[in-house]
Amino acid sequence: MFHSRTIFVLVLFALSIVAIIEAANNNEKMDKSNVLKSLLARHKRSYLAYRFADGIEYVVPEVRETFSCAQREYGYYADVGNNCQVFHVCVPPGQQFSFFCPNTTIFDQRLLICQDQYTATPCQEAERYYVVNQNFGVLEEDKLVRV
């Protein structure tokens, strides 16, 4: 039996090989510190992307992993590819945390909540309301983005 530490070392080794190959393909100079930074960034970004609590298969039978937080500002984002039953919290640079809404609800991008699918903003309009994420941290009412 492998111990968790042994498995971690093996995974880290495999990821370092991938990072070195990618760097070689991109003609980048990779020293040890760059390899480690690349590994940590990749691990940090993807650790909780599309990792869900038990029971998601009852709400979203087939999760499509098409959404990415790359190049997105901090905020909550409806996953249109999963009919807004899934939403993500993006934390720059590129960290992604994925969640699913309770059964019969979808993520309402305009209000940033899971809501009954019949009263929520239609999922196909969600991307139009991604701008509401610009309101995080805004303290002055006249500077809020209105939708």
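In this text, all values refer to a predicted model and were calculated from it rather than measured experimentally.

Trainee: How should the packing of aromatic side chains be read in this particular structure?
Mentor: What characterises a pair of aromatic rings is the spacing of the ring centres plus the angle enclosed by the ring planes. A full pass over the atoms with the stated rule returns 10 aromatic pairs. On the numbers, 6.5 Å between centres and 90 degrees between planes, the contact of Y74 with Y76 is edge-to-face. Look at Y77 and Y130: their rings are 5.0 Å apart centre to centre, the planes differ by 80 degrees, and that puts the pair in the edge-to-face class. Placement of Y77 in strand β1 (residues 75-78) and of Y130 in the segment after β5 (113-116) is noted, with a sequence separation of 53 residues between them. By relative accessible area, which is 4% here, Y77 ends up buried. Residue classification places Y130 among the buried residues on the basis of a relative accessible area of 12%. Within the aromatic cluster, the residues linked to one another by ring pairs are Y74, Y76, F87, F99, F107 and F136. The ring of Y77 carries the charged tip of R72 above its face, separated from the ring centre by 5.3 Å.

Trainee: What is the right way to read the pattern of salt bridges from this model?
Mentor: Pairs may arise between side chains of opposite charge once their charged atoms sit close together. On inspection of all chains with the given rule, the structure shows 3 salt bridges. Here R146 ties to E141 by a salt bridge, and the two come within 3.6 Å at their closest N and O atoms. Side by side, R146 and E141 carry an identical accessibility label, which is exposed.

Trainee: How do you make sense of the nonpolar core when you look at a structure like this?
Mentor: The nonpolar side chains of a soluble globular protein tend to be buried, and buried together. Counting 9 residues, the largest nonpolar core consists of A78, C84, F87, C101, I106, F107, A120, C123 and A126. A49, Y50, Y77 and C90 belong to the second-largest nonpolar core, a separate cluster that totals 7 residues.

So, how was this worked out
- Residues numbered from 1 in each chain as written.
- Predicted model: local features only at pLDDT ≥ 70, side-chain atom pairs only at ≥ 80, totals over all residues.
- Heavy atoms only, no water.
- Phe/Tyr/Trp six-rings, centres within 6.5 Å; stacked < 30°, edge-to-face > 60°.
- Helix = DSSP H or I, 4+ residues; strand = E, 2+ residues; numbered from the N terminus.
- Buried < 20%, exposed > 50% of the residue type's maximum accessible area, 1.4 Å probe, protein only.
- Lys NZ or Arg CZ within 6 Å of the ring centre and 35° of its normal.
- Salt bridge = Lys/Arg side-chain N within 4 Å of Asp/Glu carboxyl O.
- Core = buried A, V, L, I, M, F, W, Y, C linked by side-chain atoms within 4.5 Å.

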